[in-house]
Amino acid sequence: MKPIYFLYIYLAFINLFAVFITVLDKRRAVHHKWRVSEAMLLFVSAIGGGVSMYVTMHIIRHKTKKLKFMLGIPLIIVIELIAVFWVMNYVI
């Protein structure tokens, strides 16, 4: 199995997890229960789940009024894309 497949599998899992915790946090907010911390949501975004988390947030209308998320997650995605292009052009 080629190493790139491990990256694909990782990204699939982290993005599914990002959707899961975003929906979980929304449900708990609606029911006034214990919430997923903002730090955890941003961390999951930073380790590869940003795109699916951002899309999910818009679909379920969660955290869309928080500037930290509406600017932070796209910024994380841009930084990750720059890093990927840099690695592809200079490292590989």
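Fair warning: this is a prediction, and the values are worked out from it, not measured in the lab.

Comments concerning the overall build of the protein chain
Part 1: Secondary structure assignment for the protein chain yields 3 helices and 0 strands.
Part 2: Taken from N to C terminus, the helices and strands of the protein chain fall in the order α-α-α.
Part 3: Dimensions along the principal axes, computed over C-alpha positions, put the protein chain at roughly 50 × 30 × 20 Å.
Part 4: Counting over 92 residues, the protein chain shows a buried share of 27%.

Some details on the layout of surface pockets
One way to see where empty space is left: roll a probe the size of a water molecule over the atoms.
Part 1: Of the pockets and cavities examined, the largest pocket occupies roughly 420 Å³.
Part 2: Considering the residues around the largest pocket, the lining is formed by 15 residues, among which L7, L11, E80, L81 and V84 are closest to the centre.
Part 3: Put simply, the parts of the chain that give the lining of the largest pocket at least two residues each are α1 (3-30), α2 (38-60) and α3 (67-91).
Part 4: Of the residues forming the lining of the largest pocket, the biggest block, 7 residues, is contributed by α3.

Points about the packing of α2 against α3
Part 1: Relative orientation of the contacting elements α2 and α3 amounts to 100°, with a least axis distance of 9 Å. Taken together, the axis directions place α2 and α3 in an arrangement best described as roughly perpendicular.
Part 2: A class-by-class count of the residues in the contact of α2 with α3 yields 14 nonpolar, 4 polar and 3 charged.

What to know about the packing of aromatic side chains
The description of an aromatic ring pair rests on the distance of the ring centres and on the angle between the ring planes.
Part 1: In total, this model carries 2 aromatic pairs according to the counting rule given.
Part 2: Measuring from ring centre to ring centre gives 6.2 Å for W86 and Y90, while their planes differ by 40°; the resulting arrangement is tilted. One end of the pair, W86, and the other, Y90, are both in helix α3, 4 residues apart, so they sit about a helical turn from each other.
Part 3: On the basis of relative accessible area, Y90 is assigned to the exposed category, the value being 64%.

Let's talk about the side chain of S52
Part 1: As for its placement among the helices and strands, S52 is situated in helix α2.
Part 2: Of the polar contacts made by the side chain of S52, one reaches the side chain of N15; its length is 2.7 Å.
Part 3: Non-local contacts of S52, meaning those with residues more than four positions away in its chain, are made with N15, A18 and V19.

Topic: a nonpolar patch on the surface
Part 1: On the surface, M1, I4, Y5, F6, L7, Y8, I9, Y10, L11, F13 and L16 cluster together into a nonpolar patch covering about 1200 Å² of accessible area.
Part 2: Along the polypeptide, L7 turns up in helix α1.

Some words on α2
Part 1: With 23 residues, α2 ought to run about 33 Å at 1.5 Å a step, yet its terminal C-alpha atoms sit only 17 Å apart, falling short of that.
Part 2: Residues L41, V44, S45, G48, G49, G50, S52, M53, T56 and M57 constitute the buried set of α2.
Part 3: Here the buried face of α2 lies against α1 and α3.
Part 4: Directly after α2, the chain includes R61, whose backbone phi takes a positive value near 55°.

What counts as what
Residues numbered from 1 in each chain as written. Predicted model: local features only at pLDDT ≥ 70, side-chain atom pairs only at ≥ 80, totals over all residues. Heavy atoms only, no water. Helix = DSSP H or I, 4+ residues; strand = E, 2+ residues; numbered from the N terminus. Buried < 20%, exposed > 50% of the residue type's maximum accessible area, 1.4 Å probe, protein only. 1 Å grid on protein atoms, 1.4 Å probe; cavity = no way out; pocket = protein on both sides within 12 Å on 5 of 7 lines; lining within 4 Å. Points joined across faces, edges and corners; volume = space filled by probe spheres on them. Axes fitted to C-alpha atoms, helices over the stretch in contact; angles between N-to-C directions. Parallel < 35°, antiparallel > 145°, perpendicular 65-115°, else oblique. Nonpolar A, V, L, I, M, F, W, Y, C, P; charged D, E, K, R; others polar. Phe/Tyr/Trp six-rings, centres within 6.5 Å; stacked < 30°, edge-to-face > 60°. Polar contact = N/O pair within 3.5 Å; in protein donor to acceptor, adjacent residues only side chain to side chain. Contact = heavy atoms within 4.5 Å. Patch = residues over 30% accessible without salt bridge, like charges linked within 9 Å, V, L, I, M, F, W, Y side chains within 5 Å. Areas by Shrake-Rupley, 256 points an atom, 1.4 Å probe, with all protein chains shown as cover. Salt bridge = Lys/Arg side-chain N within 4 Å of Asp/Glu carboxyl O. Expected span 1.5 Å × (residues − 1).

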